[in-house]
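Now for the letters of each chain:
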Amino acid sequence: MNWVPLLWLAATLALLLLIERWIHRHLQGVMLLLTGDPEVAAVLYAAPLLPGVILHEFSHAFAAILVGVRVGRISIRPRRTGQRIQLGFVPVEKTDAVRASLIGLAPLLAGSAAILLIGYGIFGVGVVGTDLANGRWSNLGTGLLRALEAPDAWMWAYLIFAVSNTMLPSRADRQAWTPVILFLLLIGGLTWAAGLGPAIVDSLSEPLAAALRWLATMCTLTILVDLPFALMLWLGERLLGHLKGVRVEY
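Note that this is a predicted model, so its numbers are computed, not measured.

Rules behind the numbers
Residues numbered from 1 in each chain as written. Predicted model: local features only at pLDDT ≥ 70, side-chain atom pairs only at ≥ 80, totals over all residues. Heavy atoms only, no water. Helix = DSSP H or I, 4+ residues; strand = E, 2+ residues; numbered from the N terminus. Contact = heavy atoms within 4.5 Å. Axes fitted to C-alpha atoms, helices over the stretch in contact; angles between N-to-C directions. Parallel < 35°, antiparallel > 145°, perpendicular 65-115°, else oblique. Left-handed = near helix turned anticlockwise from the far one by under 90°. Nonpolar A, V, L, I, M, F, W, Y, C, P; charged D, E, K, R; others polar. Patch = residues over 30% accessible without salt bridge, like charges linked within 9 Å, V, L, I, M, F, W, Y side chains within 5 Å. Areas by Shrake-Rupley, 256 points an atom, 1.4 Å probe, with all protein chains shown as cover. Salt bridge = Lys/Arg side-chain N within 4 Å of Asp/Glu carboxyl O. Core = buried A, V, L, I, M, F, W, Y, C linked by side-chain atoms within 4.5 Å. Buried < 20%, exposed > 50% of the residue type's maximum accessible area, 1.4 Å probe, protein only.

**Q** Tell me about the overall build of the protein, and please be specific about residues and values.
**A** A tally of regular secondary structure across the protein gives nine helices and two strands. Overall, the protein shows an N-to-C arrangement of helices and strands of α-α-α-β-β-α-α-α-α-α-α. Look at the contacts in the protein between residues 6 or more apart in sequence, and 75% of them connect residues 24 or more apart.

Right, dumping it as structure tokens:
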């Protein structure tokens, strides 16, 4: 099995999680510095992420309808829940762990699909992903410059930013995952113990590697898009802090 796609995905996913956590904290900080009012800051914090919030909540609702679970009224209005800001909410009927897991996973799948569609359809990252997977790092700069020449590049980059920073499952989305993951691990362990593991791995190695490359490409593209926005946030926070003589403690 080729381990390069798996290692590439693990590295980019870890970096992406760190960057997106930083972005959420400092986007809130910039809005608080700008307004001085926590409630107004919460609304302004949610505003740039609105396209992603809409996709997140509607993907929950669509997945619930597909698996036969009733949903309530979708809300995309931010609200404070303790120390956290909830960007949106869709009430879903209580159901079994499998269907709850699929509903919770839906925003991640929909967000990843949207980013890949934009990446491949608008920015042409397929060639860049192939170069990275094959270790042709010298072609990266050329590929990125070509992507920036895409029509309305910044608008599409903003959509990737909004979607990527709202597609990760929340704590509530992940509640039903534990029993499903344990069940899958049990089935995998029994299959391996029965001697069927190596044959299954060999038969799935190519499609699995392709899927990992797609996911790693999605993570890489998202990081490249998030970094300029993170830089703008950092500069904006520094400037506002200097002008107002205060800073936000995280």
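**Q** Give a detailed account of the packing of helix H1 (residues 4–35) against helix H2 (residues 38–46), specifying residues and quantitative values.
**A** It is at 8 Å that the axes of H1 and H2 come closest, and there the two elements cross at 130 degrees. Between H1 and H2, the interaxial angle falls into the category oblique. Pair H1 / H2 crosses with right-handed handedness. Counted together, His 24, Leu 27, Gln 28, Met 31, Leu 32 and Thr 35 of H1 and Pro 38, Val 40, Ala 41, Leu 44 and Tyr 45 of H2 form the full contact between these two elements. Broken down by class, the residue content of the contact of H1 with H2 amounts to eight nonpolar, three polar and no charged.

**Q** Explain the packing of helix H4 (residues 97–123) against helix H7 (residues 153–164) residue by residue, including any values.
**A** Following both chains from N to C, one finds H4 and H7 inclined at 165 degrees, their axes separated by 9 Å at the closest point. With respect to H7, the axis of H4 lies roughly antiparallel. Of the two elements, H4 crosses H7, and the hand of that crossing is left-handed. Contacts between H4 and H7 pair Gly 111, Ile 115, Ile 118, Ile 122 and Phe 123 from the former with Ala 153, Trp 156, Ala 157, Leu 159, Ile 160, Val 163 and Ser 164 from the latter. Grouping the amino acids of the contact of H4 with H7 by side-chain chemistry returns 10 nonpolar, two polar and no charged.

**Q** Give me the lowdown on the environment of Val 4, citing residues and values where you can.
**A** With respect to the helices and strands, the residue Val 4 is situated in helix H1. Sequence spacing of Val 4 and Leu 212 is 208 residues, and the spatial spacing of their C-alpha atoms is 9.3 Å.

**Q** Hey, could you go over a nonpolar patch on the surface for me, with residue numbers and the actual values?
**A** Among the surface-exposed residues, Leu 50, Ile 54, Phe 58 and Ile 76 lie close enough to one another that they form a single nonpolar patch of about 320 Å² accessible area. Tracing the backbone shows Ile 54 in helix H3 (residues 50–66).

**Q** Quick rundown of the nonpolar core? Include the residues and the values.
**A** With 41 residues, the main nonpolar core has Tyr 45, Leu 49, Leu 87, Ile 115, Phe 123, Ile 160 and Val 225 as its most contacted residues. Counting residues per element, the ones that place at least two in this core are H1, H2, H4, H7 and helix H9 (197–244). Sorting elements by how many residues they give to this core places H9 first, with 11 residues. Not counting residues within four places of it along the chain, the set of residues in contact with Leu 49 comprises His 24, Leu 27, Leu 87, Phe 161, Ala 162, Asn 165 and Thr 166. Counting residues in each nonpolar core, the second largest holds five residues, with Ala 63, Val 69, Ile 103 and Ala 106 among its members.

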